Structure formats: C-alpha cells, structure tokens
Amino acid sequence: MRIFAADTIAVADELGWDQFHLVGFSMGGMICQMAASLYPQRLLSLALLATTARRSILERIPPISELPSLLGWVLARSEEDKAEADLRMHFDDDYLGREFVSGAKIKDFWKTVYLKERCHPPSPLPPPQPKQIPTNSHLTLEPLACNPTI
C-alpha cells in the first residue's frame, strides 16, 4: 500500500498539485488511507467509498459465527441457495427482514439482483477487430521534435 500511496503522490507532483482532494473506491480507498496517513499535508479532503482499512492476515479469517453462512454458500446446491447464503454473509437478519417504503422486502430485492447477475451475466464485449493500416509508398515518416521542457 505504501508504494501505491507514493505513486499517488508522484502523480500529483507530476501534475503540479501541491494540495488536492483525494477519492478512493474499494482498494483505491485503502491506498488513499495510506496516502492520507503518510502525506496528510498534501490533502485538502479525503472521500472513501466502499472500502476498509487494511487488515492483518489473522483479521481476514472469518469469525466462527460467520462459518455457517460461508459453508452454506460453498455447499449450496442451487443458485437460490447461494443467493440466500450470500445475503446472510453480507447483511444481518434485521436488515434483511426490513421492507422498503413500497412494502417490498429488502431481502427479496437483493436476492433478485443477485440471481439476475449470477444467472444472466452481462454479455462480454466483442473482441477488438484488427485495423487495416493502408500502405502508401509515397508517405514518409519524419522524426518528431521533442521538447523536454513541456
């Protein structure tokens, strides 16, 4: 993380930014936290989205209380069972038991989203097609001028 944080500051230096606002999402949030701890004088603000603090390897081991949900997902025989187990790993029963203002159950909403993504993943993008480069014998290549002061 320290290397990524230093890279972040190096980019800001290259852009000529003495101070700046920093936003990090997911792993980027972990990098931004490291940058903020190592270079606090450089940041005007820090926004973190869907991230966590870096944890030691021992902290990454799930607590015993989460093992039934994890095993439920691993041993699930259907996509419905996997959806159910996955929701229990990410949300507590209190949240899953709530309803939206419309009356729809939160659990049913997330289960539908999960199943839609698992059973009907987005189509991959088509592979890029190679471009034909015209060959014109009358074209010549000139070396580009380089101005290192830019």
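No experiment lies behind these values; they were computed from the predicted model shown.

*Asks:* What is the right way to look at the overall build of the protein chain in this model?
*Replies:* Along the protein chain, the regular secondary structure elements total six helices and two strands. When the elements of the protein chain are put in sequence order from the N terminus, they spell out α-β-α-β-α-α-α-α. The buried share among the 150 residues of the protein chain stands at 18%. A sequence separation of at least 24 residues applies to 46% of the contacts in the protein chain between residues at least 6 apart.

*Asks:* Honestly, the environment of Ser-69 in this entry has me stumped. Any pointers?
*Replies:* Turning to its location among the elements, Ser-69 is positioned in helix α3 (residues 67-75). The sequence separation of Ser-69 and Glu-84 amounts to 15 residues, and the corresponding C-alpha distance is 9.0 Å. Setting aside its immediate chain neighbours within four residues, Ser-69 contacts Ala-85, Arg-88 and Met-89.

*Asks:* What is the right way to read the packing of helix α1 (residues 2-15) against helix α2 (residues 27-38) from this model?
*Replies:* Two measures define how a pair of helices packs: the angle their axes make with one another and the distance between the axes. Relative to each other, α1 and α2 sit at 75°, their axes nearing to 8 Å. By the angle class used here, α1 and α2 are roughly perpendicular. Across the interface between the two elements, Arg-2, Phe-4, Ala-5 and Thr-8 of α1 pack against Met-27, Ile-31, Met-34, Ala-35 and Leu-38 of α2. Residue composition of the contact of α1 with α2, by class: seven nonpolar, one polar and one charged.

*Asks:* Sorry, what's going on with the pairing of strand β1 (residues 20-25) here?
*Replies:* Walk down a regular strand and you will see the side chains alternate between the two sheet faces. Here β1 shows a buried face lined by Phe-20, Leu-22 and Gly-24 and an unburied face lined by His-21, Val-23 and Phe-25. Pairing of β1 with strand β2 (residues 43-49), which is carried by six bridges, proceeds in the parallel orientation. Bridge pairing links Phe-25 to Leu-49 in β2. Crossover handedness for the path β1 to α2 to β2: right-handed.

*Asks:* Please clarify how the environment of Gln-19 should be interpreted in this entry.
*Replies:* Secondary-structure assignment places Gln-19 in the loop between α1 and β1. Linking Gln-19 and Leu-43, residues 24 residues apart in sequence, is a C-alpha distance of 5.3 Å. Each residue touching Gln-19, except ones within four places of it in the same chain, is listed here: Gln-41, Arg-42 and Leu-44. Here the side chain of Gln-19 touches Gln-41 through a polar contact of 2.8 Å, landing on its backbone oxygen.

*Asks:* Looking at this model, I keep getting lost on the packing of aromatic side chains. Mind explaining?
*Replies:* Ring pairs (aromatic) are described by centroid distance and by the angle formed between their planes. Overall, the coordinates contain three aromatic pairs when judged by the stated rule. Ring plane angle 70° and centroid distance 5.0 Å describe the contact between Phe-109 and Trp-110, whose orientation is recorded as edge-to-face. The exposure class of Phe-109 is partly exposed, given its relative accessible area of 38%.

*Asks:* When you look at the nonpolar core in this model, what are you seeing that I'm missing?
*Replies:* The nonpolar side chains of soluble globular proteins are, as a tendency, buried together. Core analysis: the largest hydrophobic core is formed by 10 residues, namely Ala-5, Ile-9, Ala-12, Phe-20, Leu-22, Cys-32, Met-34, Ala-35, Ala-36 and Leu-43. Of all the secondary-structure elements, those providing two or more residues to this core are α1, β1 and α2. For this core, the element with the most residues is α2, which contributes four residues. Once residues within four sequence positions are removed from consideration, Ile-9 is found in contact with Phe-20, Tyr-39 and Arg-42.

*Asks:* Mind showing me how you'd approach a nonpolar patch on the surface here?
*Replies:* On the surface, Ile-64, Leu-67, Leu-70, Leu-71, Val-74, Leu-75 and Met-89 cluster together into a nonpolar patch covering about 650 Å² of accessible area. When residues in the nonpolar patch are grouped by element, the largest group, five residues, is from α3.

*Asks:* How should I be thinking about α2 in this particular structure?
*Replies:* Turn by turn, an α-helix covers 3.6 residues, leaving residues three or four places apart pointing in a common direction. Taking 1.5 Å per residue as the helical rise, α2 with its 12 residues ought to reach 16 Å, and the 17 Å between its terminal C-alpha atoms agrees with that figure. By the burial criterion, the buried members of α2 are Gly-29, Met-30, Ile-31, Cys-32, Met-34, Ala-35 and Ala-36. Of the surrounding secondary structure, the elements contacted by the buried residues of α2 are α1, β1 and β2.

Each value, and the rule that gives it
- Residues numbered from 1 in each chain as written.
- Predicted model: local features only at pLDDT ≥ 70, side-chain atom pairs only at ≥ 80, totals over all residues.
- Heavy atoms only, no water.
- Helix = DSSP H or I, 4+ residues; strand = E, 2+ residues; numbered from the N terminus.
- Buried < 20%, exposed > 50% of the residue type's maximum accessible area, 1.4 Å probe, protein only.
- Contact = heavy atoms within 4.5 Å.
- Axes fitted to C-alpha atoms, helices over the stretch in contact; angles between N-to-C directions.
- Parallel < 35°, antiparallel > 145°, perpendicular 65-115°, else oblique.
- Nonpolar A, V, L, I, M, F, W, Y, C, P; charged D, E, K, R; others polar.
- Pairing = 2+ DSSP bridges.
- Right-handed = clockwise from strand over helix to strand, strands pointing away.
- Polar contact = N/O pair within 3.5 Å; in protein donor to acceptor, adjacent residues only side chain to side chain.
- Phe/Tyr/Trp six-rings, centres within 6.5 Å; stacked < 30°, edge-to-face > 60°.
- Core = buried A, V, L, I, M, F, W, Y, C linked by side-chain atoms within 4.5 Å.
- Patch = residues over 30% accessible without salt bridge, like charges linked within 9 Å, V, L, I, M, F, W, Y side chains within 5 Å.
- Areas by Shrake-Rupley, 256 points an atom, 1.4 Å probe, with all protein chains shown as cover.
- Salt bridge = Lys/Arg side-chain N within 4 Å of Asp/Glu carboxyl O.
- Expected span 1.5 Å × (residues − 1).

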